[in-house]
Every structure is written in structure tokens, then in C-alpha cells.
Amino acid sequence: MEVGRLEVVEPENPEDETCRTFVMHNEDHTLGNSLRYIIMKNPEVQFCGYSVPHPSESKINLRIQTNGPPAVDVLRRGLVELTAVCEHVLTTFETTVNNFKRIQGSGEPMDTI
């Protein structure tokens, strides 16, 4: 799998750092929707949306508009927060699988919901 590449679309007004469109190559809805969700939780964000230009292209366009902070900083923060969420999910999953295997191996009954 080819590593993704990030491109910043040249804005109409380069002086305004609060609005930017980013093109993420070799990405799809999986990253687009997750990242949009995380970024929209930031109270400094007015708008965040993404689109896939065409189904045959493996890239997404991500648009961020903020109330003040640079859009690049908001994207960076969103990526860090999404990474933390993914690491938490992975750790929780691995712990649960290990507990399940331990219980199955010992013959203990499992709790049911």
C-alpha cells in the first residue's frame, strides 16, 4: 500500500489562515468521516467537511474553517486526537480478546450482558 500524501490547496486569500482545503491522497471515507467528526468537536471550528471527488480516485478533499486558529493547526490537533482514539480502541480490543482467551482457557463462565 502506498503511503498517503497531504497537499494544501492554494487559497484565494493566502493571508487568511483560518480557511484551508487539504487533499489527502490514498485515503477514503474511513479517514475522512472520522477526522471530520473529531475536528468538528473543536469549539473553534465553524465548518469541517470532506468529499471524495470521484469513486475511482483514492483521495479526499477536507475543508476546515475556524473562528481564529490556523486551519493547519486544527488539522494537526485533529490528527493527534484521532490517533489517541484509535490507540484507545486498539488497547481496549486487545485487552478484551486476551481476557476472553484467558477465561476460555480456564473454563470459567463468561459474564453475559
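Here the structure is a predicted model, which means the values were calculated and not measured.

In this fold, Arg20 is placed in strand E2 (residues 19-25). Buried charge without a salt bridge: Arg20, with Glu17 as the nearest opposite-charge side chain at an N-O distance of 5.2 Å. Here the side chain of Arg20 touches Pro14 through a polar contact of 3.4 Å, landing on its backbone oxygen. Apart from residues no more than four positions distant in its own chain, Arg20 is found in contact with Val8, Pro11, Asn13, Pro14, Leu62, Arg63, Ile64 and Ala71.

According to UniProt, the feature "domain: DNA-directed RNA polymerase RBP11-like dimerisation" (unreviewed entry) maps to residues 20-90 in the numbering used here. Overall, residues 20-90 shows 45% helix and 30% strand. The separation of its end C-alpha atoms is 31 Å.

Before going further, it helps to examine the pattern of salt bridges. Counted by the stated rule, this structure contains four salt bridges. Taking the shortest distance from any N to any O, the salt bridge between Glu7 and Arg5 comes out at 4.0 Å. With its nearest N and O atoms 2.8 Å apart, the salt bridge here joins Arg77 to Glu81. One end of the pair, Arg77, and the other, Glu81, are both in helix H2 (residues 71-106), four residues apart, so they sit about a helical turn from each other. With a relative accessible area of 31%, Glu81 lands in the partly exposed category.

Strand order across the open sheet formed by four strands is E1-E2-E4-E3, with antiparallel pairing between neighbours. Edge positions in the sheet fall to strand E1 (5-8) and strand E3 (45-51), since each has one partner strand and no second. Across the sheet, the mean angle separating the axes of adjacent strands is 20 degrees when strand polarity is ignored. Of the strand pairs in this sheet, E1 and E2 are connected by four bridges, and their pairing is antiparallel. Paired with Arg5 across the strands is His25, a residue of E2.

Here the focus is the packing of helix H1 (residues 29-40) against H2. H2 packs onto H1 with a crossing angle of 110 degrees between their chain directions and a minimal axis gap of 9 Å. By the angle between their axes, H1 is roughly perpendicular relative to H2. Residues Leu31, Ser34, Leu35, Ile38 and Ile39 of H1 touch H2, and the partners they reach there are Val74, Leu75, Gly78, Leu79, Glu81, Leu82 and Val85. Of the residues contributing to the contact of H1 with H2, the split by class is nine nonpolar, two polar and one charged.

Basis of the calculations
Residues numbered from 1 in each chain as written. Predicted model: local features only at pLDDT ≥ 70, side-chain atom pairs only at ≥ 80, totals over all residues. Heavy atoms only, no water. Helix = DSSP H or I, 4+ residues; strand = E, 2+ residues; numbered from the N terminus. Buried < 20%, exposed > 50% of the residue type's maximum accessible area, 1.4 Å probe, protein only. Lys, Arg positive; Asp, Glu negative; His and termini not counted. Salt bridge = Lys/Arg side-chain N within 4 Å of Asp/Glu carboxyl O. Polar contact = N/O pair within 3.5 Å; in protein donor to acceptor, adjacent residues only side chain to side chain. Contact = heavy atoms within 4.5 Å. UniProt positions renumbered as here; feature names shortened; annotations may be inferred. Pairing = 2+ DSSP bridges. Axes fitted to C-alpha atoms, helices over the stretch in contact; angles between N-to-C directions. Parallel < 35°, antiparallel > 145°, perpendicular 65-115°, else oblique. Nonpolar A, V, L, I, M, F, W, Y, C, P; charged D, E, K, R; others polar.

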